[in-house]
Amino acid sequence: MALVAPFSLYLHIPYCALKCPYCDFNVRVVRALPEREYTSAIVRELGHYADAEGWRGRSLRSLFFGGGTPSLFAPQAIGAMIERAAELFPFTSDIEITLEANPEDRRYFAGYRAAGVNRLSLGAQSFQPHLLSCLGRRHSADDTRAALETIRREFDNFSLDLIYGIPAQTLEDLRGDLAAALDFSPPHVSAYNLTFEERTEFYYRLKRGRIAPAPEELEIAMAATIEEALAGGGLQRYEISNYARPGKESRHNRVYWEGGDYLGIGAGAHSFLAADGAFGRRWREEKNPIRYMERVARDGTASMEYENLDAAKAAAEFMFMGLRTTRGISTNDFARRFGKKPAEIYPQIDAWVEAGLMESDSGRLRLGRRGFMVADEIFLAFV
Ligand SMILES: C[S@@+](CC[C@H](N)C(=O)[O-])C[C@H]1O[C@@H](n2cnc3c(N)ncnc32)[C@H](O)[C@@H]1O
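Novice: Which parts of the structure should I look at to understand the overall build of the protein?
Specialist: Tallying secondary structure elements over the protein gives 16 helices and 15 strands in all. By its C-alpha atoms, the protein is 55 × 50 × 40 Å across when sized along the principal axes. Contacts in the protein between residues at least 24 apart in sequence constitute 68% of all its contacts with a sequence separation of at least 6. Split by element, the accessible area of the protein, about 17,600 Å² in all, is 49% carbon and sulfur. Between the mean site of the 47 positive side-chain charges and the mean site of the 52 negative ones, the protein shows a separation of 2 Å.

In structure tokens:
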């Protein structure tokens, strides 16, 4: 039997105690959490894929519980999903099992560790009371500190999320957040530039002129401040929004950036399977959690909207996923896959290099610091 590379598994938990006004993830706030029913649906669908072409018999290199707020689920439920995944797909010895958690759920953290989670990703966002309030967060900075104390006791590996470019945030606020984060010597930090996503509360407030985004020059200064402060704490930038100590880069996210296979299970999750000789196939799950559970109960799976990528779509994906990382892309790998050098397909590349937004050396193409600031506009040009 041919050796097949291990794959990554994403499990989406679509529930939150509160909807954050800036968030456009697939999230529901419900009065009664259907923990048992939803866990059963995930477990059942795992069984479906264990028997499916492309996944059968393969081992697992990373497992990521994302949300929503997976930490609303008790350790028993999370443990049941991990256990089922382990029965169906052998775990590699160094498997990374991450769970996204909110500071107010710290009572569960030791239980998650016992259930097999080995990396916790904490949604801190900020340590400044006025910014937490602006972001509509339920937790205080003290909750976050207490959560980080618990995490440090239980987990060798963890990450925390910060948001910057929040309305009314100053450079001083940001320095405070970075220092507060570094107090806990995190192996990994994600620092996201606040985006005003359509159909979110923040988007409507922006349209009505009730909030203003941070000025562009301030955001540029903030990005530089983040990179410098975190480097001072031993964390190097390795992706647009991600910083890690050497060896502590997220193994799971790397699979997305490098075009590896991932299986997404749970309401609205996405999957990708590279196929021999073609450009791969992607699909997604039914988004609505109730319909998701109904479909899994009926059919064993809620997957839909299958799409076989053509060369143009696969090339675009290769570019904008690879360019998210500081390593960038290999122009030879691109040429091997698509028959031409990137600049032959995307002539804008020369102008970006000229303008200092992109760097090209030793067979690699990557965004520089200025390029990262306008990454979304650059990525649009590929699609
Ligand atoms: C799935 S979300 C939420 C995880 C966790 N439940 C929480 O509330 O912290 C993952 C991360 O995306 C980031 N995020 C969500 N919406 C964002 C936005 N509009 N702009 C920037 N970052 C955002 C936040 O940092 C958040 O921690």
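Novice: Could you clarify how one ought to interpret the pairing of strand β15 (residues 364-367) in this entry?
Specialist: Regular strands place their side chains on alternate faces of the sheet. Side chains Arg-364 and Arg-366 project from β15 onto one buried face, and the interleaved Leu-365 and Leu-367 project onto a second face that is buried too. The sheet contact formed by strand β13 (residues 329-330) and β15 spans two bridges and is antiparallel. The residue bridging Ser-330 from the neighbouring strand is Arg-364, located in β15. Linking strand β14 (residues 358-361) back to β15 in an antiparallel pair, the connection comprises two residues, with Ser-362 at a positive phi of about 35°.

Novice: It is not clear to me how the packing of helix α11 (residues 311-322) against helix α12 (residues 331-338) should be interpreted in this structure. Could you clarify?
Specialist: At their nearest, the axes of α11 and α12 sit 11 Å apart, and the two run at 170° to each other. When the interaxial angle is binned, α11 and α12 end up roughly antiparallel. By crossing handedness, the relation of α11 to α12 is classed as right-handed. Counting all contacts with α11, which are made through Ala-311, Ala-314, Ala-315, Phe-318 and Met-319, the residues of α12 involved are Asp-333, Phe-334, Arg-337 and Phe-338. Of the residues assigned to the contact of α11 with α12, the class counts are seven nonpolar, no polar and two charged.

Novice: Looking at this structure, how should I read the site of the ligand?
Specialist: Of all residues adjacent to the ligand, which total 16 residues, the nearest are Gly-67, Asn-102, Gln-125, Arg-137 and Asp-161. Asn-102 places a side-chain nitrogen or oxygen 2.8 Å from a nitrogen atom of the ligand. Computed on the free molecule, the ligand has an accessible area of 560 Å², of which 92% lies beneath the protein chains in the complex. Residues belonging to the shell around the ligand are distributed by class as follows: five nonpolar, eight polar and three charged.

Novice: It is not clear to me how unusual backbone geometry should be interpreted in this structure. Could you clarify?
Specialist: Following Gly-67, the chain continues to Gly-68 via a peptide bond in cis, the omega torsion being 10°. Position of Gly-68 among the secondary structure elements: in the loop between β2 (60-67) and α2 (75-88). Within the chain, Gln-125 stands out as a residue other than glycine whose phi angle is a positive 70°. Assignment of secondary structure puts Gln-125 in strand β4 (residues 119-125). In the Ramachandran plot, Ser-185 falls in the positive-phi region, its phi being about 40° despite a non-glycine side chain. Overall, Ser-185 belongs to the partly exposed group, its relative accessible area being 39%.

Novice: Any chance you could explain the sheet that holds β15 here in plain terms?
Specialist: One key point about sheets: their strands pair by backbone hydrogen bonds, in either a parallel or an antiparallel sense. Strand order in the open sheet formed by three strands is β13-β15-β14, and the pairing between neighbours is antiparallel. Whereas interior strands pair on both sides, the edge strands pair on one side only; in this sheet they are β13 and β14.

Novice: Any chance you could explain the packing of helix α1 (residues 35-50) against helix α10 (residues 289-299) here in plain terms?
Specialist: Packed helices, taken two at a time, are described by the angle their axes make and the gap between the axes. Two elements in contact, α1 and α10, have axes separated by 9 Å at closest approach and are oriented at 45°. On the basis of their axis angle, the class for α1 and α10 is oblique. Like other packed secondary-structure pairs, α1 and α10 cross with a definite hand, here left-handed. Residues Glu-37, Tyr-38, Ala-41, Ile-42, Arg-44 and Glu-45 of α1 lie in contact with α10, whose contacting residues are Tyr-292, Met-293, Val-296, Ala-297 and Arg-298. Grouping the constituent residues of the contact of α1 with α10 by class yields seven nonpolar, no polar and four charged.

Novice: What is the right way to look at the packing of aromatic side chains in this model?
Specialist: Given two aromatic rings, their pairing is described by the distance between the two centres and the angle made by the two planes. Applying the stated criterion to the full structure yields 26 aromatic pairs. A ring pair is formed by Phe-7 and Trp-55, whose centres lie 5.0 Å apart and whose planes are at 65°; its orientation type is edge-to-face. Taken together, the positions of Phe-7 in strand β1 (residues 7-13) and Trp-55 in the loop between α1 and β2 put the pair 48 residues apart, joining distant regions of the chain. Since its relative accessible area comes to 0%, Phe-7 is described here as buried. For the pair Phe-334 and Phe-338, a centre-to-centre distance of 4.8 Å together with 50° between the ring planes defines the contact as tilted. A residue pair is termed a helical-turn pair when its members lie 3 or 4 positions apart in one helix, as Phe-334 and Phe-338 do in helix α12 at four residues.

Novice: Would you take a moment to explain α1 for this structure?
Specialist: Taking 1.5 Å as the rise per residue, α1 with 16 residues should run 22 Å; its terminal C-alpha atoms sit 23 Å apart, in good agreement. For α1, the set of buried residues is Tyr-38, Thr-39, Ala-41, Ile-42, Glu-45, Leu-46, Tyr-49 and Ala-50. Contacts made by the buried residues of α1 are with β1, α2, β9 (262-265), β11 (281-285), α10 and β12 (303-308).

About the cut-offs
- Residues numbered from 1 in each chain as written.
- Predicted model: local features only at pLDDT ≥ 70, side-chain atom pairs only at ≥ 80, totals over all residues.
- Heavy atoms only, no water.
- Helix = DSSP H or I, 4+ residues; strand = E, 2+ residues; numbered from the N terminus.
- Contact = heavy atoms within 4.5 Å.
- Areas by Shrake-Rupley, 256 points an atom, 1.4 Å probe, with all protein chains shown as cover.
- Lys, Arg positive; Asp, Glu negative; His and termini not counted.
- Charge placed at Lys NZ, Arg CZ, Asp CG, Glu CD.
- Buried < 20%, exposed > 50% of the residue type's maximum accessible area, 1.4 Å probe, protein only.
- Pairing = 2+ DSSP bridges.
- Axes fitted to C-alpha atoms, helices over the stretch in contact; angles between N-to-C directions.
- Parallel < 35°, antiparallel > 145°, perpendicular 65-115°, else oblique.
- Left-handed = near helix turned anticlockwise from the far one by under 90°.
- Nonpolar A, V, L, I, M, F, W, Y, C, P; charged D, E, K, R; others polar.
- Near = heavy atom within 4 Å.
- Polar contact = N/O pair within 3.5 Å; in protein donor to acceptor, adjacent residues only side chain to side chain.
- Phe/Tyr/Trp six-rings, centres within 6.5 Å; stacked < 30°, edge-to-face > 60°.
- Expected span 1.5 Å × (residues − 1).

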